[in-house]
Amino acid sequence: MANGTYEHQEVLSNLIFGTLRAQVFRAAAQLELADYLSKETLTSAELAERAQLDVDALRRLLLALEKIGAVVCDQGGKYGLTSLGQRLRTDVPDSVRDLVLCYNGEATWHCWSDLAGTVRTGVNILERVDKKNYFEYLKEDPLEYELFNGAMADDSRNSAKSIAGGFDFSRFGTLMDIGGGNGTLIASIAAVHDSVEGIVFDLPTAVGSAQQIFALNGVEGRCRAVGGDVFVEVPGGADAYMMKSFLHDWDDEHVISILAKIRKVIGEHGRVLVIEPLFPDDPHSLPSFSGVITSDLDLLSATQGRIRSKADFEELFRATGFLLSNITPLGAYDFANYEHYNVLEATPRSEL
Ligand SMILES: C[S@@+](CC[C@H](N)C(=O)[O-])C[C@H]1O[C@@H](n2cnc3c(N)ncnc32)[C@H](O)[C@@H]1O
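Residues numbered from 1 in each chain as written. Predicted model: local features only at pLDDT ≥ 70, side-chain atom pairs only at ≥ 80, totals over all residues. Heavy atoms only, no water.

Asker: Help me understand the environment of S295 in this model?
Answerer: Within the secondary structure, S295 is located in helix α15 (residues 291–302). Classification of S295 as buried rests on a relative accessible area of 8%. For the pair S295 and A29, spaced 266 residues apart in sequence, the C-alpha separation works out to 22 Å. (Helix = DSSP H or I, 4+ residues; strand = E, 2+ residues; numbered from the N terminus. Buried < 20%, exposed > 50% of the residue type's maximum accessible area, 1.4 Å probe, protein only.)

Asker: What am I meant to see in the pattern of salt bridges here?
Answerer: Any two side chains of opposite charge can pair, given that their charged atoms come close. For the coordinates displayed, the defined rule picks out 16 salt bridges. Notably, a salt bridge pairs E140 with K132, separated by 3.0 Å at the nearest N-O pair. What makes E140 exposed here is its relative accessible area of 52%. Accessibility expressed as a relative area gives 19% for K132, which makes it buried. (Salt bridge = Lys/Arg side-chain N within 4 Å of Asp/Glu carboxyl O.)

Asker: Looking at this structure, how should I read a nonpolar patch on the surface?
Answerer: Taken together, the side chains of V11, L12, L15, I16, F17, L20 and F289 make up a nonpolar region of the molecular surface, amounting to roughly 740 Å² of accessible area. Relative to the helices and strands, F17 resides in helix α1 (residues 9–30). (Patch = residues over 30% accessible without salt bridge, like charges linked within 9 Å, V, L, I, M, F, W, Y side chains within 5 Å. Areas by Shrake-Rupley, 256 points an atom, 1.4 Å probe, with all protein chains shown as cover.)

Asker: Just checking my understanding: could you explain helix α4 (residues 55–68) for this structure?
Answerer: Spacing of three or four residues puts side chains on the same side of an α-helix, whose turn is 3.6 residues. Taking 1.5 Å of rise per residue, 14 residues should cover 20 Å, and α4 covers 20 Å from first to last C-alpha, within 8% of that figure. Of the residues making up α4, those classed as buried are L58, L61, L62 and L65. The buried side chains of α4 occupy one side of the element, clustering within an arc of 105° when seen end-on. Turned more than 90 degrees off the buried face of α4, the exposed positions are R60 and K67. Where α4 is buried, its residues meet α1, α2 (33–39), α3 (44–51), β2 (71–73) and β3 (78–81). Put simply, D54 is the residue that caps the front of α4, since its side-chain oxygen is 3.3 Å from the backbone nitrogen of D56. Two residues or fewer past α4, G69 is found with a positive phi of approximately 100°. (Expected span 1.5 Å × (residues − 1). Arc of directions from axis to C-beta. Contact = heavy atoms within 4.5 Å. Polar contact = N/O pair within 3.5 Å; in protein donor to acceptor, adjacent residues only side chain to side chain.)

Asker: Explain the packing of helix α11 (residues 142–166) against helix α12 (residues 184–192) here, please?
Answerer: It is the contact of α11 with α12, at a shortest axis distance of 8 Å, that shows an interaxial angle of 25°. Between α11 and α12, the angle falls in the class roughly parallel. α11 and α12 meet at a crossing whose hand is right-handed. Between α11, through A153, S156, R157, A160, I163 and A164, and α12, the contact on the second element is made entirely by T184, L185, S188, I189 and V192. (Axes fitted to C-alpha atoms, helices over the stretch in contact; angles between N-to-C directions. Parallel < 35°, antiparallel > 145°, perpendicular 65-115°, else oblique. Left-handed = near helix turned anticlockwise from the far one by under 90°.)

Asker: I keep staring at the site of the ligand and nothing clicks. Help me out?
Answerer: Around the ligand there are 20 residues in total, and S156, G179, D202, D229 and K244 lie nearest to it. Separating an oxygen atom of the ligand from a side-chain N or O atom of Y145 is a distance of 3.4 Å. S156 is positioned with one of its side-chain polar atoms (N or O) 2.8 Å from an oxygen atom of the ligand. Here the ligand loses 96% of its free accessible area of 600 Å² to cover by the protein chains. Per-element accounting of the shell around the ligand gives the leading share, four residues, to α11. In terms of residue class, the shell around the ligand is made up of 10 nonpolar, six polar and four charged. (Near = heavy atom within 4 Å. Nonpolar A, V, L, I, M, F, W, Y, C, P; charged D, E, K, R; others polar.)

Asker: Is there a simple way to explain the nonpolar core in this structure?
Answerer: Here is a general trend for soluble globular proteins: nonpolar side chains tend to be buried in one another's company. Of all hydrophobic cores here, the largest spans 64 residues; its most connected members are L65, I178, M243, I262 and V272. It is α1 that provides the largest number of residues to this core, a total of five residues. Leave out the neighbours within four places in its chain, and I262 touches I178, V234, Y241, M243, V272 and F322. Core analysis: the next-biggest nonpolar cluster, separate from the first, contains 27 residues, V196, A240, M242 and Y341 among them. (Core = buried A, V, L, I, M, F, W, Y, C linked by side-chain atoms within 4.5 Å.)

In structure tokens, the structure reads:
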């Protein structure tokens with residue numbers, strides 16, 4: 001012990017109690033406290049009455065939220081939101097509420113609950129015990145699936161404008177976003193590049209609210225949604241096939257099958273655009289608690305996927321008749337993990 005602090009005190013405290021602290025933020029998101037406090041400052045008793053909560057338990061939660069920096073309490077005992085707390089509101093464009101609910105929720109916890117078993121066998125709990133993949137697992141629980149889609153949309157909304165503005169998508173007449181969820185990214189791209197016709201292609205359950213997103217962005221005349229399964233068929237007719245945070249969900253065998261399906265339908269001047277963070281050549285150079293490391297383990301635990309390096313992509317493209325022709329680093333970052341995205345551009349090899 002030196003100067004009244006134990007060695008590694010902060011790191012150990014975070015490692016031991018980190019998941020509990022995350023539940024404080026999750027409870028605030030579940031109870032929609034930020035929405036109540038966005039309208040007016042309230043005492044704990046007033047907030048308990050509005051939100052129908054136990055006043056003593058709420059007072060204790062609010063103290064924890066104050067210490068996290070999400071709320072402040074004035075002299076009169078009224079609580080208000082800080083800029084951090086504002087991010088839990090449901091009605092702000094930079095909301096992270098669904099990310100908090102998804103990554104601290106039951107489906108994610110189930111996937112991470114046996115990381116040791118995953119490391120022992122190389123096979124995650126879903127495949128080993130539940131005998132289904134992550135998306136089949138989510139489909140059985142509509143609430144968790146909605147949370148997952150909401151979290152992906154939070155991430156895309158927070159990064160979509162920088163992605164749309166950071167790469168020249170106007171080179172392509174028709175752009176298809178494979179695994180594009182509810183169409184948040186393709187809508188932002190079409191809004192910035194008004195010559196682009198957008199198609200979002202995803203599982204039928206995921207594209208259900210796409211028309212609404214297109215209308216909100218004023219691009220409903222140029223964007224459409226197609227429901228389908230990438231392992232069955234990729235629709236043809238696009239000039240570029242974009243995949244953001246999609247290939248990382250799959251092991252190499254599945255990625256090869258996806259790229260091969262695209263290779264069958266892509267024109268000789270077509271492009272594949274993969275938007276993902278990359279592992280650096282020397283992963284030991286990464287900063288502590290690097291997002292790519294957490295994300296890589298999350299993908300292992302949930303989908304048997306992985307974060308890849310440039311060399312990994314070169315190999316996968318080569319195996320499926322493409323050449324990695326360009327990498328554009330983007331200012332946008334993976335919201336949950338604070339890692340920068342890149343656009344990896346691949347060209348069909350016969351063109352060269
Ligand atoms: C990690 S999310 C990424 C969503 C979006 N691209 C983004 O960055 O926000 C992966 C997406 O792949 C979709 N997906 C999973 N399996 C699929 C399949 N077999 N065919 C098409 N889409 C699939 C999921 O529904 C989900 O929207």
